[in-house]
Every structure is written in structure tokens, then in C-alpha cells.
Amino acid sequence: EKGGYDHFMLKEIYEQPHAITDTFRGRLLVNEGIIRMAGIDDHIEKFQNANRIIVVACGTSWHAGLVGEYLFEDLARIPVEVEYASEFRYRNPIITEKDVVIAISQSGETADTLAAIKLAKEKGAFVFGVCNVVGSSIARETHAGAYTHAGPEIGVASTKAFTTQITLLSLIALKLGKANGNLSHGQYHAYLNEMELIPRKVEVLLSMNELVQHVASIYKDVPNCLYLGRGYNFPVALEGALKLKEISYIHAEGYPAAEMKHGPIALIDENMPVIVIATSKGHYEKVVSNIQEIKSRKGKIIAIVTEGDTQVKEIADHVIEIPETDELFTPLLTTIPLQLLSYHIAVMLGKNVDQPRNLAKSVTVE
Ligand code: M6R
């Protein structure tokens, strides 16, 4: 059932090229130059007339929502707010008929997300679901939606659900950007072409498994770990930290790289590994100066860079290269080594990777 893999988590990490392709299927039609999604097409005016999009989700799905914020604002120029479902539902939120709510949930059963949807519907908002489990409560409770089609995710730590959620949000954002005239014809087509190459690029990252395993063997005994990223890769830093926490029980924090000097920098010494995402188009120079600040405090640097990088390579202790792509697609690539890093550390520490202590696959109680 684990298809020859030691754990479901590893199997699901390796399924990602396939899962992303399944998310594309019937939707990303590069030759025709269209993205076909009935759930969006049938309600396009709701999105086009929206004052804003409010994303509600929990955990990893909330991180995918944060990537969605960058995507929707960048490509479609629609203001976005990303809310923890549990906070949103209890604070008398301001919601109108002009709001579109996107609920993201792998299981489709998360209690807080479901309650947030019900509240948004009562207030007249249009609610769109991004779920993986077909026929789940959230899928049924929303006005419209799109499935990620990642296939069953058994490991408690979400992996392929996350990358397919981001894939789906990218498709929606591109579609809306095209529909509202924000994206030029040429730009739109270039993105479609590049998007189709992502599964192959994910494979390239999976082939670096041994390198990541080696890095894991060096840092497996640390008590703390810091993850930094900017822009599209800030949510990836949060997700990387969550992944490490939940399966290896090592304390980890994710931060926007520039926030480091507002507090977390005090933690840095020769024992602190810092994982920094420094892709070539993502405020690169700024991240490089963050890396220099870590280095001068003797922190250990594990950097995720774009292939061909020279600057970061000179400073970092370890470097993992992602293939070149548009900045908006980088989360789909930078996430992969972070998943593998957490996985290997947890395995080396003898933890129960697929069923970490205290956690359930779907949180159906508040
Ligand atoms: O099923 P959902 O996507 O609604 O679940 C939300 C979170 O409980 C979930 O993402 C959780 O954070 C994962 N264990 C993270 O790996």
C-alpha cells in the first residue's frame, strides 16, 4: 500500500509531479491557450465584481492560502485577506455580498473552516471551496469549488495536498488575471507554458534526495531551527517550519527574512541552523544581506537558491538548487527539499513520521 516506500509521507512527497499533473488535467490547456475551470467560469462575475477575496483555512492549507494572496494580488490585482478559520469565525468579521470567500481544506472536514464557511454564507458572501476529498462536508457546503485531485493523503503531515492547493490557486489567479485584463496576452501564455513544466522540475528536486538526506544527518540533533523567506517564499518558510515541528518535534519558526532583525536574530549563534530561501528573482539582494547577517553571527546556513547562483554559494554552508522558473511558481519547487529535510530528520530520530504524536489527520473538533 506504501508502494515500496518506507512511509506514506515519502510516497506522497514522490507523488507530487503526478499529483500536480492531475490538478492540471482538463484545466491547463496550453495549446488552446486557456484554463478551463467550470467552478470559476460559471461564477466569473462574482470574482470580477469582488471587493476582495477572503481565504479561510487552517494549518498547511492556511499557508497555501498565503501563497494565494501573493498570486491573486499579483496576477489579478484583487485585494486578499488570509484568515485562520478559527479566528475569523469568532470575531464578528465584516463580510458583505461583495466578498468572495475561498475555503481551503485537504480533508474538507476541518471544523473551524466549515464553521467559517457557514458564517460567510449567512452574511451573503459567495463561498468557493478548494478541497481534496471528493464529497467532503466543505465541498458540499460551498457554493462552488474545484478539487485538487491530489489523491488520498494518508500521512498526517500534508505534502502533496499543499503543492496541489498552490497549483490550483495559481490556475485560478491566472484565469482571473486574464479575464480582468490585467495580464497581457503574451504574459499569460508565457505563464501557461512555464506552468506545464513544473512537474518535471519537481522531479529534478526529488532527485536531490540524497543531498537533502546528508544535510538532515548533520542537523538532526539540533533543538531549534529557523526558516526564512520573502514574498512568495515567506509562506514556504512557515510551511517548512511546521513540517519540521510536527514530525520531528524540533522547535522551528518561520519568518519573513526581513523580520529577522526585529527579534529572531537574537537567537542566532553557531548552533542555530537557518534555512533561507533565496531564489534569484525574489528580492535576491535583500535576502543575500540577510544571509550575511546570519553568517556574521556564526549561524549555519542551508540555502535554497536558483541554479547558477554564485553569491549565496560563497556564504552558505549547504546549497540546494532549484531549476529556473517564474517567481510565482517557485513555492512549488522550494517546498520539496523542505519536505524531504523534515522527513529525513524525523526518520533519523526514530519518530512516527506518518502518525506524529497528538495529531489527527483531520481536525473535526474545535
Ligand atoms: O484538512 P485541512 O486541510 O483542512 O487541514 C488543515 C490542517 O489541520 C492541516 O493542514 C495540518 O496543519 C497538517 N497536519 C499539516 O501538515
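Computed from a predicted model, the values in this text were never measured in an experiment.

Rules used in this analysis
Residue numbering note: each chain is counted from 1, following its sequence as written. pLDDT decides what is reported in this predicted model: residues at 70 or higher carry local features, side-chain atom pairs at 80 or more are listed and counted, and totals for whole chains, interfaces and linings draw on all residues regardless. Each side-chain value is worked out from all heavy atoms of the structure, with water and hydrogens disregarded. Comment: elements are numbered from the N terminus, with helices defined as DSSP H or I runs of at least four residues and strands as E runs of at least two. Burial classification: accessible surface area is computed with a 1.4 Å probe over protein chains only, and a residue below 20% of its type maximum counts as buried, one above 50% as exposed, and the rest as partly exposed. In the analysis that follows, any N or O atom pair within 3.5 Å is treated as a polar contact, provided that within protein one partner can donate a hydrogen and the other can accept it, and provided that, for residues neighboring in sequence, both atoms belong to side chains. By the convention used here, residues are in contact when the closest approach between their heavy atoms is within 4.5 Å. Expected helix span is taken as 1.5 Å per residue step, with the number of steps being one fewer than the number of residues. Neighbouring residues are identified by heavy atoms, a residue being near a molecule or strand if any of them is within 4 Å of it. The method behind every accessible area is Shrake-Rupley, applied with a 1.4 Å probe, and residues are considered shielded solely by the protein chains displayed. The rule is simple: put a 1 Å grid over the protein atoms alone, call a set of points where a 1.4 Å probe fits but cannot get out a cavity, call an open set with protein on both sides within 12 Å along at least five of seven lines a pocket, and count a residue as lining if it has an atom within 4 Å of a point. If over half the atoms of a molecule are within 2 Å of the grid points of a cavity or pocket, the molecule is regarded as sitting in it. In this analysis, axes come from line fits to C-alpha atoms, helices being fitted only over the stretch in contact, and the angle between any two N-to-C directions falls in the range 0 to 180 degrees. Angular relationships are summarised with four words: roughly parallel below 35 degrees, roughly antiparallel beyond 145, roughly perpendicular across 65 to 115, and oblique for the angles in between. Gly is placed with the polar residues, together with every amino acid not listed as nonpolar (Ala, Val, Leu, Ile, Met, Phe, Trp, Tyr, Cys and Pro) or charged (Asp, Glu, Lys and Arg). Grid points are joined across faces, edges and corners, and a volume is the space filled by probe spheres set on the points.

### A few points about the side chain of serine 107
Here's step 1: For serine 107, the position within the fold is in the loop between β5 (99-105) and α7 (111-122).
Here's step 2: You can call serine 107 buried: its relative accessible area is 9%.
Here's step 3: There is a polar contact of 3.1 Å between the side chain of serine 107 and the backbone nitrogen of glutamate 109.
Here's step 4: Dropping the residues within four chain positions of it, serine 107 is found in contact with Val133, Ser136 and Ser362.

### Some details on α7
Here's step 1: Over its 12 residues, α7 extends 17 Å from the first C-alpha to the last, a length consistent with the 16 Å expected when each residue adds 1.5 Å.
Here's step 2: Every buried residue of α7 is accounted for by Ala111, Asp112, Thr113, Leu114, Ala116, Ile117, Leu119 and Ala120.
Here's step 3: In this structure, the buried side of α7 is in contact with β3 (52-57), α6 (85-89), β5, β6 (126-131) and α8 (137-141).

### Describing the site of the ligand
Here's step 1: The ligand sits among 14 residues. The nearest are Ser61, Ser105, Ser107, Thr110 and Glu246.
Here's step 2: At 2.6 Å from an oxygen atom of the ligand is found a side-chain nitrogen or oxygen belonging to serine 61.
Here's step 3: At 2.8 Å, a backbone N or O of serine 158 approaches an oxygen atom of the ligand.
Here's step 4: Coverage of the ligand by the protein amounts to 91% of the 410 Å² it exposes when considered alone.
Here's step 5: Given that more than half its atoms are within 2 Å of the pocket grid, the ligand belongs to the largest pocket.

### A word on the side chain of threonine 167
Here's step 1: Mapping threonine 167 onto the fold places it in helix α9 (residues 160-179).
Here's step 2: When near neighbours in sequence (up to four residues on either side) are disregarded, threonine 167 contacts Ile20, Thr23, Phe24, Met195 and Leu332.

### Examining the packing of α9 against helix α16 (residues 330-348)
Here's step 1: The interhelical angle for the contact between α9 and α16, taken along N-to-C directions, is 175°, at an axis separation of 10 Å. Classified by the angle their axes make, α9 and α16 are roughly antiparallel. Contacts between α9 and α16 involve Phe162, Thr163, Ile166 and Thr167 on the former and, on the latter, Pro331, Leu332, Thr335, Ile336 and Gln339.
Here's step 2: Broken down by class, the residue content of the contact of α9 with α16 amounts to five nonpolar, four polar and no charged.

### Brief notes about the layout of surface pockets
Gaps left between atoms are located by rolling a probe of water-molecule size over the structure's atoms.
Here's step 1: Computed from the structure, the largest pocket encloses a volume of approximately 510 Å³.
Here's step 2: If you go around the largest pocket, you meet 24 residues; those closest to its centre are Cys58, Gly59, Thr60, Lys361 and Val363.
Here's step 3: Elements with a minimum of two residues in the lining of the largest pocket: α5 (59-76), β5, α7 and α13 (234-248).
Here's step 4: Size it by volume and the second largest pocket reaches roughly 150 Å³.
Here's step 5: Forming the walls of the second largest pocket are Gly59, Trp62, His63, Tyr84, Leu238, Ala241, Leu242, Lys245, Glu253 and Gly254.
Here's step 6: Per-element accounting of the lining of the second largest pocket gives the leading share, four residues, to α13.
Here's step 7: A breakdown of the residues in the lining of the second largest pocket according to their chemical character gives five nonpolar, three polar and two charged.

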